[in-house]
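A structural walkthrough
Each chain, written out:
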Amino acid sequence: MALVNVIRGDRIDGAPINVRTPFIRVPMWMALSWWTVKALARLVALAVRFWYITAPAAFFGWLYLEWGWTGPVGFLGGLVTVLGAWAAAHRPSFLRFAWFPVLALVRAWSYRRNWHAAMATAKLAVSFDSHTVLPVLRKVRCTAGVDAVTVRMVTGQIPDDYAKASERFAHTFGVRQVKAEPGPRPDLVLLTLMRGDPLAKVVRPMPVPAVPEFTGLPVGRQEDGGTYPLRLFGTQVLIVGATGAGKGSVIWSVVRSLASGVGSGLVQLWGLDPKGGMELGIGAPMFTRFACKDYAAMCELIEEAASMARERAGKLRGKARQHTPTQAEPLIVVVIDELANLTAYLTDRQLKDRIKAALSIVLSQGRAVGVHVVAAIQDPRKEVLPFRDLFPTRIGLRLSEPPQVDLTLGEGMRDRGALCDRIPQSLPGVAYVVLDGNPTPMRVRFSYLSDDEIRDMATTYGRLRVIDGEILDGAA
């Protein structure tokens, strides 16, 4: 400790603390250094997090310092010229690699603004250990009219929790509809936000493929604007919709996609129209066998399909698990309009029981042996359609009541986005398609064929041989 000589009677003025003293200087500089490093780290983290703001700002700042206003203006002008030429030369690649990534950044910022409120009001924010834990918005990917938002769920949540809140999300984010489905990892959920409605316009008939692709028949448009491929191999198809919902659009779209196979003999269509031929009669020549008046003939037709299914199963046993269509053994597609007339409303009890027994065999055994059913019905209740569960592929058009959605498509499908009861009457042919084992419904609009287009198709590809059990003159 330093000693100071003081002359008696002299006055010593006060002096500030000598910051050069080691025991004060060292802690002070340590604290200042820690605060400085912490602040710089915070700034760097913010700059990295909001790189889409800081990077352009730094770049334009450098241009301005180097060349003044000429630099930024010249760069923007050249960029607009290049992007315009790119968009004009090849619009798909421009949208995919330029426009949609930028749009995804803007949308991600917009979603994050309302994220906390959306998760809290949907009761997906979890309180744990005096903290509020929110699902994490991981990534946003944009396409035409659709935003795909990847979310990391809070521990203990499942995708169905988000599916039940889909309507709340739609109102919160101002979109038409939100669908939730499992993500690529168990802790992720994919929210699909539908902005526009690409299915608002009538879909024109699809081109007839030269050879039918039974694993992906082109029958309409899906929400992303692409062609919807309906799988026929290994499945049976059930179409459910209210009056005027567009069941005819679905049936004729499927028939048209098989038309070339009908013409070549690779496919045989067997038609049953219990309403007297009001729907299928206009294209009756497309069907190798057709019945519209005689219920006994309809019963015999279904029983023959059941016998064929059993016969083919015996031939394929131990050789193959899936029938391959040939002209000798073509693919059989039994098309039934208003199935309830055969299973519920038929007054002849004995005939009705025969139809149910034969149809059950076709539905349960026909998928693997090339005998398929495409059936339309208005009422999906179990007492009307007792073997509803034997249809792996189900198409729900406009329905009258919300409970009918789950009856048609399966338990919980309405929560997952299949709002069949909200399809407006102005959109006939719009439907939700559900495949067995796939928890996510697909919104599709089937193509519309006018009466003249159906007649032309029937004239070009028709092979009618039997009508109501009677063989036509000249039929082979």
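What comes next concerns the included structure. Just so it is clear, the model here is predicted, and its values are computed rather than measured.

**Some words on the overall build of the protein chain**
When you go through the protein chain residue by residue, the secondary structure sums to 14 helices and 18 strands. Here the C-alpha radius of gyration of the protein chain, 34 Å, is well above what a compact globule of 476 residues would show, namely 23 Å. If one aligns the C-alpha atoms of the protein chain with their principal axes, the spans along those axes are about 145 × 55 × 45 Å. Per-residue burial over the protein chain gives 44% buried out of 476 residues. Contacts spanning at least 24 positions in sequence make up 64% of the contacts within the protein chain whose residues lie at least 6 apart. Counting every atom, the protein chain has about 25,900 Å² of accessible surface; 58% of that belongs to carbon and sulfur. Charge separation in the protein chain, taken as the distance between the mean sites of 56 positive and 42 negative side-chain charges, equals 10 Å.

**Looking at the nonpolar core**
Counting 47 residues, the largest nonpolar core has V334, I336, L339, V373 and F391 as the members making the most contacts within it. Ranked by the residues each element gives to this core, the list is headed by helix α10 (residues 295-316), at 8 residues. Core analysis: the second largest hydrophobic core is formed by 43 residues, Y228, L230, V333 and I395 among them.

**Overview of the layout of surface pockets**
Reported here for the largest pocket is a volume of approximately 430 Å³. Contributions of two or more residues to the lining of the largest pocket are made by β3 (136-143), β4 (146-152), β5 (177-182), β6 (188-194) and β15 (430-435). A per-class count over the lining of the largest pocket returns 10 nonpolar, 5 polar and 5 charged. Considering only enclosed or pocket space, the second largest pocket measures out at about 350 Å³ in volume. For the second largest pocket, the lining is made up of 14 residues, of which R49, Y52, L105, A108 and R112 are closest to its centre. Sort the elements by how many residues they give to the lining of the second largest pocket and helix α4 (residues 91-113) lands first, with 6 residues. Tallied by class, the residues present in the lining of the second largest pocket amount to 10 nonpolar, no polar and 4 charged.

**Some remarks on the packing of aromatic side chains**
Under the criterion given, the structure shown has 13 aromatic pairs. Between the aromatic rings of Y64 and W69, the centroid separation amounts to 5.0 Å while the plane-to-plane angle is 65°, which identifies the pairing as edge-to-face. Put simply, the rings of F59, F60, W62, W67 and F75 pair up and form one aromatic cluster. For R289, the ring lying beneath its charged end belongs to W270, and the centroid distance is 4.9 Å.

**Concerning the state of the cysteines**
Applying the stated criterion to the full structure yields 0 disulfides. Cysteine C299 remains unbridged, with the sulfur of C292 as its closest cysteine sulfur at 16 Å. Given the relative accessible area of 0%, C299 is considered buried.

**A short note on the pairing of strand β7 (residues 217-222)**
Examined bridge by bridge, β7 and strand β8 (residues 227-230) share 4 bridges and lie antiparallel to one another. Note on β8: the bridge partner recorded for R221 is T227. Hairpin connection from β7 to β8: 4 residues lie between these consecutive antiparallel strands, with G225 at a positive phi of about 90°.

**Re the pattern of salt bridges**
As enumerated under the stated definition, the model contains 22 salt bridges in all. Among the ionic pairs, D389 bridges to K382, the shortest N-O distance being 3.2 Å. Taking relative accessible area as the criterion, D389 reaches 53% and is therefore assigned exposed. D452 serves as the salt-bridge partner of R455, at 2.9 Å between the closest nitrogen and oxygen. Of this pair, R455 and D452 both sit in helix α14 (residues 451-461), 3 residues apart, roughly one helical turn. Among the ionic contacts, a cluster of salt bridges with common partners joins R176, K179, D197, E223 and R443.

**Topic: the pairing of β3**
Bridge count between β3 and β4: 7 bridges; the pairing is antiparallel. Across the sheet, residue V140 finds its bridge partner in β4, namely V149. If you look at the hairpin formed by β3 and β4, you'll find 2 residues sitting between the two strands, and G145 has a positive phi there, around 80°.

**Regarding the side chain of S257**
By secondary structure assignment, the location of S257 is in helix α8 (residues 247-257). Judged by its relative accessible area of 2%, S257 falls in the buried class. A distance of 2.7 Å separates a polar side-chain atom of S257 from the backbone oxygen of V254. If near-sequence neighbours (up to four positions away) are discounted, S257 is found in contact with P209, P212, L217, P218 and V219.

**Observations concerning the packing of helix α3 (residues 70-89) against α4**
Put simply, α3 and α4 touch, their axes get as near as 5 Å, and they point 130° apart. Classified by the angle their axes make, α3 and α4 are oblique. Between α3, through L83, W86, A87 and A89, and α4, the contact on the second element is made entirely by R91, S93, F94, F97 and A98. When grouped by side-chain class, the residues that make up the contact of α3 with α4 number 7 nonpolar, 1 polar and 1 charged.

**Things to note about a positive patch on the surface**
A surface patch of like charges, here positive, comprises R138, K139, R141 and R152. Counting residues per element, the positive patch draws most heavily on β3, which supplies 3 residues. Inspection of the secondary structure assignment puts K139 in strand β3. Overall, K139 belongs to the exposed group, its relative accessible area being 51%.

**Remarks on the sheet that holds β5**
Overall, antiparallel pairing links the 4 strands, which are arranged β3-β4-β6-β5 in an open sheet. Looking at the sheet topology across the chains shown, the edges are occupied by β3 and β5. When strand polarity is set aside, the average angle formed by the axes of neighbouring strands in this sheet is 20°. Contacts from α4 reach β3, β4 and β6, with the element oriented near 140° to β3. The sheet contacts of helix α7 (residues 166-173) involve β5 and β6, and relative to β5 the element is tilted by about 130°.

About the thresholds
- Residues numbered from 1 in each chain as written.
- Predicted model: local features only at pLDDT ≥ 70, side-chain atom pairs only at ≥ 80, totals over all residues.
- Heavy atoms only, no water.
- Helix = DSSP H or I, 4+ residues; strand = E, 2+ residues; numbered from the N terminus.
- Rg over C-alpha atoms; globule rule 2.2 N^0.38 Å.
- Buried < 20%, exposed > 50% of the residue type's maximum accessible area, 1.4 Å probe, protein only.
- Contact = heavy atoms within 4.5 Å.
- Areas by Shrake-Rupley, 256 points an atom, 1.4 Å probe, with all protein chains shown as cover.
- Lys, Arg positive; Asp, Glu negative; His and termini not counted.
- Charge placed at Lys NZ, Arg CZ, Asp CG, Glu CD.
- Core = buried A, V, L, I, M, F, W, Y, C linked by side-chain atoms within 4.5 Å.
- 1 Å grid on protein atoms, 1.4 Å probe; cavity = no way out; pocket = protein on both sides within 12 Å on 5 of 7 lines; lining within 4 Å.
- Points joined across faces, edges and corners; volume = space filled by probe spheres on them.
- Nonpolar A, V, L, I, M, F, W, Y, C, P; charged D, E, K, R; others polar.
- Phe/Tyr/Trp six-rings, centres within 6.5 Å; stacked < 30°, edge-to-face > 60°.
- Lys NZ or Arg CZ within 6 Å of the ring centre and 35° of its normal.
- Disulfide = S-S within 2.5 Å.
- Pairing = 2+ DSSP bridges.
- Salt bridge = Lys/Arg side-chain N within 4 Å of Asp/Glu carboxyl O.
- Polar contact = N/O pair within 3.5 Å; in protein donor to acceptor, adjacent residues only side chain to side chain.
- Axes fitted to C-alpha atoms, helices over the stretch in contact; angles between N-to-C directions.
- Parallel < 35°, antiparallel > 145°, perpendicular 65-115°, else oblique.
- Patch = residues over 30% accessible without salt bridge, like charges linked within 9 Å, V, L, I, M, F, W, Y side chains within 5 Å.

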